[in-house]
Amino acid sequence: MDTIVFHQVKKSLGDFKLDIPSLNIKKGYITGFVGENGAGKTTTIKLILDMLIADEGKIQIFGMDTRKSSDSIKEEIGYVGETAGYPEESKIRAIKNMIAPFYKTWDEKLFTKYMQSFRINTDKKYGEFSSGQKKQFAIAMALAHRPKLILLDEPTTNLDPVVRNEILEMLMEHMQNEEVTVFYSTHITSDLERAADYIIYIKQGEILINQEREELLRNYSVVKGPKSLLDKAIKKYLLGYRQTSLGFEALLSDKKVAEQIFGAEVRYVTPTIEDIMLFLGQKEGVSTI
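I will try to describe carefully the structure that is included in this document. (Residues numbered from 1 in each chain as written. Predicted model: local features only at pLDDT ≥ 70, side-chain atom pairs only at ≥ 80, totals over all residues. Heavy atoms only, no water.)

### With respect to the sheet that holds strand β8 (residues 181–185)
Working step 1: Taken together, the six strands give an open sheet; going across it, the order is β6-β7-β8-β3-β9-β10, and neighbouring strands pair in mixed fashion. Both outer strands of the open sheet, β6 (77–80) and β10 (206–212), are each paired with one neighbouring strand and no more. Between one strand axis and the next, the sheet turns through 15 degrees on average, direction left out of account.
Working step 2: Taken strand by strand, helix α1 (residues 41–48) contacts β3 (30–34), β6, β7 (149–153), β8 and β9 (198–203), and its axis lies near 150 degrees from that of β7.
Working step 3: Against the sheet, helix α11 (residues 273–281) contacts β3, β9 and β10, and its axis sits at roughly 20 degrees relative to β9. (Pairing = 2+ DSSP bridges. Helix = DSSP H or I, 4+ residues; strand = E, 2+ residues; numbered from the N terminus. Axes fitted to C-alpha atoms, helices over the stretch in contact; angles between N-to-C directions. Contact = heavy atoms within 4.5 Å.)

So, in structure tokens, the structure goes:
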């Protein structure tokens, strides 16, 4: 059974429209959720958390309707956003003591283990810690009640690579010991290159890609060649392209098709997730001359 299922979900917020006819988040995997700012990532997560109500359609988590079983579902979710909102003057221990009783499955030993691992003194005030330690604490709070679903909305923004690596290590270790699903929204695609099993790409409120990461990177291809090859007949096969003073670079979703079109006249490069995002974001092509 999939952990999260979207059925014909639509949501309008001013001029922005989210339209997700169908979306399934697989149980027991890390799914990376990527897209430009304003593409609909946070709106999607707020719908999952029942913080927003869909205009149409429904969302199911663990087979339950988020509207009808919101409280039961939230007990099984660990959430970490860009900001935690904990009071700066409160001690870490006091924050934990305030929140832990809300969860029947709170694991004090697991929380203590994370505090020791991150070298966080629970008798110090929250405001005394660095931004990296604050985020580590937030992650520990989200995991300590052993949720079945972890929702991460830009959790490592503005953190240095060492802290980001520690958080990723923590998540992957936790997943080895627990049957948990992670839905990870971020613009730091290098984290997903390492950790994600599936990649979802959203643009202007619509899901354009929902694919297994290795398959995605294996099938997609960036081609680099002379501008003389870039005619109208060719452009219809391209998902995005850019022109430079030396030639052009373009993204295709099928490497075999790319080889049939261009043969040996171009160079083929395996794209990164960031490459795919950038090319899809500039669908009509841009010039960097």
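Moving on from the model shown.
### Observations regarding the pairing of strand β13 (residues 248–252)
Working step 1: With five of five residues buried, β13 is to be regarded as a mostly interior element.
Working step 2: By the alternation rule, side chains of β13 split into F248, A250 and L252 and E249 and L251, which are all buried.
Working step 3: Looking at chain direction, strand β11 (residues 221–225) and β13 are connected through five bridges and run antiparallel. Note that in β13 the partner of K224 across the bridge is E249.
Working step 4: Strand direction decides the pairing type here: strand β12 (residues 240–243) and β13, joined by four bridges, are antiparallel. In the strand pairing of β13, G240 is matched with L251.
Working step 5: Between β12 and β13, which pair antiparallel in sequence order, lie four residues; one of them, G247, sits at a positive phi of approximately 160 degrees. (Buried < 20%, exposed > 50% of the residue type's maximum accessible area, 1.4 Å probe, protein only.)

### Let's talk about the sheet that holds strand β4 (residues 56–61)
Working step 1: Here four strands make up an open sheet; going across it, the order is β2-β1-β4-β5 and the pairing antiparallel. The open sheet is flanked by β2 (16–25) and β5 (64–65), the only strands paired with a single partner.
Working step 2: Here two bridges tie β4 to β5, and the two strands are oriented antiparallel to one another. The partner of I61 across the bridge, within β5, is M64.
Working step 3: Where α1 meets the sheet, its contacts fall on β1 (4–13), β2 and β4, and the angle it forms with β1 comes to roughly 120 degrees.

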